[in-house]
Amino acid sequence: MTRQRALRRGVGVAAVASALAVGTALPAMAGGTGGTGGSSHGGPGHGGTRTAMDAAVRTEGLPGMIATARDGKGSWTAAIGTADTTTGRPRSTRERFRIGSVTKMFVATVLLQLQAEGRLDLDDTVDRWLPGVVSGNGNDGSAITVRQLLNHTSGLFAYDDDPGMATVLFTPQFLSRRYDTYPPQELVRIAVSHPPVFAPGAKREYSNTNYILAGMIVAAVTGHPYGAEIEQRIVRPLGLGGTSVPGTATAVPRPHARGYSKLFGGSPTPLDTTELNPSTAGAAGEIISTTDDLTRFLSALMRGRLLPQAESDEMLTTEGPGGLGIGGGTLSCGVTVWGHDGGIHGSSTLALTTRDGRHTVAFNTNADWFTGKLGLAEAEFCG
């Protein structure tokens, strides 16, 4: 993997979601022992998960980690390490954090709801809703469908791979540019200034540009910003009190940890990036949530509270290029899980569930260089 590709995946999808998205088996990763302090609540069935969290924090030099799991035995939470490396304040499972590309599951859910209501069809072209927006340099919105946006088969160039954007996002220049606003139209303009990576439908390659456009389509169909639709259709009905779509707001609502970033390879030492304007991620990754809210969202999604059966089946398809805004894969113990991970400056998140929604888990670390998410998945579902 090239350094540039690694950086792009840092803001978008990392190894777990990439593996899930193509339906491949997730390799096991042995857990370690040891402790970093902290607390846990719930039954004894998650000891392996706690051990894997301790090992990850210790071996990768993470400040801290939190988790919430729900299964047939009830709920379990754990918090280890620090929320603030200056004061030593410990992490808490009540904290809110930036969820990065886990946002994509929310956006895809709204578009599938709109299809169920007959307000659009996933096989509509992008030009049907955003005429002329995807054009030039070989890009053609009349040849790309909404479905191809959601399953990353559009072939559109990832705007965060643009050299200028990469400098803004992944070098120390980020510290002086972190409050800049990037409207979605500007991010798309950057993307289409490059030729497509491949012809629409030819293959699958992750691109955050796809979900910037998906958010714009939600607005075109409904007349409301995509974030307002998420709040009305998902956040309020499910009572997700810790979940919000910040837009250009730079602060994370309290309580929250400090977020530490190595700029996805651009800095050798962690930098405090707690405050930032998340418009650089937009509908591809701007949502703020909690581990409790994410487990409740996934459970509701899988149990049919958000989508009719037909749309749920479309979202969770394992045929062709795979799921829409979500990936599914089989762990070493034979358990199949669905979900997504996400990384954004100072935060890394993983949210997974079984197909029946009976066993869900969400993890967050207040750092963006974590690579051991597969180990957490194996520990929780196979331990």
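Before reading further, recall that the structure is shown in the block above.
The following paragraphs examine the structure supplied in this document. (Residues numbered from 1 in each chain as written. Predicted model: local features only at pLDDT ≥ 70, side-chain atom pairs only at ≥ 80, totals over all residues. Heavy atoms only, no water.)

## Structural notes on the pattern of salt bridges
Moving on, step 1. Applying the stated criterion across every chain yields a total of 14 salt bridges.
Moving on, step 2. In this structure, Arg 296 and Asp 293 form a salt bridge, with 2.8 Å as the shortest nitrogen-oxygen distance. Here Asp 293 and Arg 296 lie together in helix H12 (residues 291–302), a separation of three residues that amounts to about one turn.
Moving on, step 3. Relative accessible area serves as the criterion here: at 28%, Arg 296 is assigned to the partly exposed category.
Moving on, step 4. What emerges from the salt-bridge pattern is a single network uniting Arg 70, Asp 292, Asp 293 and Arg 296. (Salt bridge = Lys/Arg side-chain N within 4 Å of Asp/Glu carboxyl O. Helix = DSSP H or I, 4+ residues; strand = E, 2+ residues; numbered from the N terminus. Buried < 20%, exposed > 50% of the residue type's maximum accessible area, 1.4 Å probe, protein only.)

## A word on the packing of helix H4 (residues 103–116) against H12
What describes two packed helices is the angle between their axes and the distance between those same axes.
Moving on, step 1. Closest axis-to-axis distance for the H4/H12 pair is 12 Å, and the angle between their directions is 35 degrees. As H4 packs across H12, the resulting crossing turns out to be left-handed. Taken together, the residues of H12 that come into contact with H4 (itself represented by Met 105, Phe 106 and Thr 109) are Leu 294, Phe 297, Leu 298 and Leu 301.
Moving on, step 2. Here the residues of the contact of H4 with H12 sort into six nonpolar, one polar and no charged. (Axes fitted to C-alpha atoms, helices over the stretch in contact; angles between N-to-C directions. Left-handed = near helix turned anticlockwise from the far one by under 90°. Contact = heavy atoms within 4.5 Å. Nonpolar A, V, L, I, M, F, W, Y, C, P; charged D, E, K, R; others polar.)

## So, the packing of aromatic side chains
Moving on, step 1. This structure, assessed with the given rule, holds two aromatic pairs.
Moving on, step 2. With a centroid separation of 4.0 Å and 10 degrees between ring planes, the pair formed by Phe 106 and Phe 297 is classed as stacked. With Phe 106 in helix H4 and Phe 297 in helix H12, this pair connects stretches of sequence that are 191 residues apart.
Moving on, step 3. Here Phe 106 falls in the buried class, since its relative accessible area comes to 1%.
Moving on, step 4. Classification of Phe 297 by relative accessible area gives buried; the value is 0%.
Moving on, step 5. Taking 5.8 Å as the distance between ring centres and 85 degrees as the angle between the ring planes, the aromatic pair formed by Phe 170 and Phe 264 counts as edge-to-face. Of this pair, Phe 170 sits in helix H7 (residues 163–170) while Phe 264 sits in the loop between strand S7 (260–261) and strand S8 (271–272); the two residues are 94 residues apart in sequence, bridging distant segments of the chain. Summarising the burial analysis for this pair, Phe 170 and Phe 264 share the class buried.
Moving on, step 6. When the ring centre of Trp 129 is taken as origin, the NZ or CZ atom of Arg 128, which lies over that ring, is 4.1 Å away.
Moving on, step 7. It is Lys 262 that lies over the ring of Trp 369; its NZ or CZ is 4.7 Å from the centre. (Phe/Tyr/Trp six-rings, centres within 6.5 Å; stacked < 30°, edge-to-face > 60°. Lys NZ or Arg CZ within 6 Å of the ring centre and 35° of its normal.)

## Details of helix H3 (residues 47–60)
Moving on, step 1. Given a rise of 1.5 Å per residue, 14 residues ought to cover 20 Å, and the 20 Å separating the end C-alpha atoms of H3 matches this to within 8%.
Moving on, step 2. When we look at burial in H3, the residues that qualify are Thr 49, Arg 50, Ala 52, Met 53, Asp 54, Ala 55, Ala 56, Val 57 and Glu 60.
Moving on, step 3. Gly 61 sits one or two residues past H3 and shows a positive phi near 65 degrees. (Expected span 1.5 Å × (residues − 1).)

## Considering the packing of H4 against helix H11 (residues 226–238)
Moving on, step 1. At a minimum axis separation of 10 Å, H4 and H11 run at an interaxial angle of 80 degrees. Looking at the two axes, H4 sits roughly perpendicular to H11. Touching Thr 103, Phe 106, Val 107, Thr 109, Val 110, Gln 113 and Leu 114 of H4 are Tyr 226, Glu 229, Ile 230, Arg 233 and Ile 234, all from H11.
Moving on, step 2. Its residues assigned to classes, the contact of H4 with H11 shows seven nonpolar, three polar and two charged. (Parallel < 35°, antiparallel > 145°, perpendicular 65-115°, else oblique.)

## Quick word on empty space enclosed by the protein
Moving on, step 1. This model, assessed by the stated rule, comprises three cavities of 30 Å³ or more.
Moving on, step 2. The calculated volume of the largest cavity comes to roughly 120 Å³.
Moving on, step 3. Taken together, 16 residues line the largest cavity, and the ones lying closest to its centre are Phe 97, Ala 257, Gly 259, Gly 346 and Ser 347.
Moving on, step 4. The residue makeup of the lining of the largest cavity, split by class, is three nonpolar, nine polar and four charged. (1 Å grid on protein atoms, 1.4 Å probe; cavity = no way out; pocket = protein on both sides within 12 Å on 5 of 7 lines; lining within 4 Å. Points joined across faces, edges and corners; volume = space filled by probe spheres on them.)

## As for helix H10 (residues 209–222)
Moving on, step 1. Compared with the 20 Å implied by 1.5 Å per residue over 14 residues, the 20 Å span of H10 between its first and last C-alpha is a close match.
Moving on, step 2. Most of H10 is tucked away, with twelve of its 14 residues classed as buried.
Moving on, step 3. Listed in full, the buried residues belonging to H10 are Thr 209, Asn 210, Tyr 211, Ile 212, Leu 213, Ala 214, Gly 215, Met 216, Ile 217, Val 218, Val 221 and Thr 222.
Moving on, step 4. Buried-residue contacts for H10 involve H4, helix H5 (126–129), helix H6 (146–150), helix H9 (184–192) and H11.
Moving on, step 5. Just beyond H10, the residue with positive phi is Gly 223, at close to 80 degrees.

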